[in-house]
Amino acid sequence: MRASGVIAEYNPFHNGHRYHVEKAREISHAEVIIAVMSGNFLQRGEPAIIDKWSRANEALHNGVDLVVELPIQWSLQAADYFGKGGITLLNALGCESICFGTDSEDTIDYEQLGAFLNQHQKQIDAIFLSFEKDNLTYAQKMAMALKQLDASLAINADQPNHLLAMSYAKENMQLDHPMKLQAIKRKGASHLSKKIEAHFASATAIRQAVFQGKQVEDVVPNQTRLDLQNSIVSWEDYWPYLKYRIQSSSLEELREIYQMSEGLEYRLKEKVTASLSFSEFINQVKSKRYTQTRIQRLLCYILLNIKEKEMEAAWQTNAIRILGYTDKGKDYLNLSKKEFLLPTISKIGKQEVQQYPMMVKSDRIFQMGNKAIREQNFGRFPVHV
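On a predicted model such as this, the values are computed, not experimentally measured, just so you know.

What counts as what
- Residues numbered from 1 in each chain as written.
- Predicted model: local features only at pLDDT ≥ 70, side-chain atom pairs only at ≥ 80, totals over all residues.
- Heavy atoms only, no water.
- Buried < 20%, exposed > 50% of the residue type's maximum accessible area, 1.4 Å probe, protein only.
- Helix = DSSP H or I, 4+ residues; strand = E, 2+ residues; numbered from the N terminus.
- Pairing = 2+ DSSP bridges.
- Contact = heavy atoms within 4.5 Å.
- Phe/Tyr/Trp six-rings, centres within 6.5 Å; stacked < 30°, edge-to-face > 60°.
- Core = buried A, V, L, I, M, F, W, Y, C linked by side-chain atoms within 4.5 Å.

Q: What's the story with the pairing of strand S5 (residues 66-70) in this structure? I'm lost.
A: Regular strands have side chains that alternate between both faces of the sheet. Most of S5 sits out of view: five of its five residues are buried. Inspection of the sheet shows strand S2 (residues 32-38) paired to S5 by five bridges, in the parallel sense. Along S5, the bridge assignment pairs Ala-35 with Val-67. In this sheet, strand S8 (residues 320-325) lies alongside S5 in antiparallel orientation, the contact comprising four bridges. Bridged to Val-68 within S8 is Ile-322.

Written as structure tokens, this is what we have:
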């Protein structure tokens, strides 16, 4: 069976995602669409509004055939590591192609771009190093690096989907047998748009509307609408736990947290005591040098007590965590499972707890955000739609 893959967060699954899945099936001519989906903590450094099982179920009700988890060591990262984790899993699952959204207005040969990025990696690293003391984001550094190397490749740093697409292309071209890259132009609202418009809206706008008690049924499928009525969470639900972690940890303990650097522990300690909410705290801590996304990822690492060695160990223990499938997805598993390049996990037991401790720990902490959230690992089996 021919399979095509997508990498997503579905936070939550909306009409734009359904359009993307439909287009992926159309242009890839695949019999099976596989989604590698972030678990309970996401790339921009925040908890998912709905747990991973519910989001997987939404995807399966709206065109996806098989959903596997992008584990936290990859999902809670900047674009380069996020892309590496997603491509590794899709390749391991035997996908012939990957279909991804792009917000670039230009027609781009992503396979050629991926090859270019790999060929010039040393120069890119050197350019990044020259910007080390500047108040620039990863996206801004990449935009400037490409402009220096080849002006025709200059990008807009405010195009997050294109930036992710570049990371997919780069990682894909390092494979022995690269997958075919197929870009799908984003339809409707932009990635960070906060407007609710007819039929299409960004996940950012949908989350904001939900937290404000507004209706979103016009821009999300029915299963998502139902899920948004129960067990939703935001950073504010974890604020008491985060505040406790920062206040109860010594400066030395905070320095051990993954990606803690340049004395940020002092800034966090200084601002946390007087802050009454997460939104107040993040506004106090972020700056031109440290963007909100960068800080939020760091705060997730603190909340989850993730240290450098733990993250490095997790990178070496990749596996295919199956969250759900349709009948067609189950057929694909039965036919292709023996050829997968990584072990598969369909349930969590004592052995899996020892092998994947960071995943289990992060899911337990995610549950603390809302008493209505079900157990995320033990006794959970793939959703079958």
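Let's pick the thread back up.
Q: Would you take a moment to explain the pairing of S8 for this structure?
A: Extensive coverage of S8 is indicated by the burial of six of its six residues. With two bridges connecting them, S8 and strand S9 (residues 344-345) associate as parallel partners. The residue of S9 that forms the bridge with Arg-321 is Ile-345. When S8 meets strand S10 (residues 383-384), the two strands line up parallel, connected through two bridges.

Q: Can you help me understand the environment of Phe-116 in this one?
A: Relative to the helices and strands, Phe-116 resides in helix H5 (residues 110-119). Between the C-alpha atom of Phe-116 and that of Met-173, which follows or precedes it by 57 residues, the distance is 9.5 Å. Excluding residues that lie within four positions of it along the chain, Phe-116 makes contacts with Leu-146, Leu-149, Asp-150 and Leu-153.

Q: Quick question: what am I supposed to make of the packing of aromatic side chains here?
A: The geometry of an aromatic ring pair comes down to the distance between the two centres and the angle between the two planes. Taken as a whole, this structure holds 15 aromatic pairs when the rule is applied. When the centroid spacing of 6.2 Å and the interplanar angle of 35 degrees are considered together, the rings of Tyr-332 and Phe-340 count as tilted. Look at Tyr-332 and you get buried, because its relative accessible area is 2%. With relative accessibility at 10%, the residue Phe-340 sits in the buried group. Pairwise contacts between aromatic rings join Trp-74, Tyr-81, Tyr-258, Tyr-301 and Trp-315 into one cluster.

Q: Help me understand the nonpolar core in this model?
A: For soluble globular proteins, the rule of thumb is that nonpolar side chains tend to be buried together. Among the nonpolar cores identified, the biggest contains 83 residues, and Leu-242, Leu-299 and Ile-302 are the most heavily contacted of them. Look past the residues within four positions of Ile-302 in its chain and what remains in contact with it is Leu-242, Arg-245, Ile-246, Leu-254, Ile-257, Met-260 and Leu-268. Judged by nonpolar contacts, the second largest core, of 20 residues, contains Val-6, Tyr-10, Ala-59 and Cys-99.

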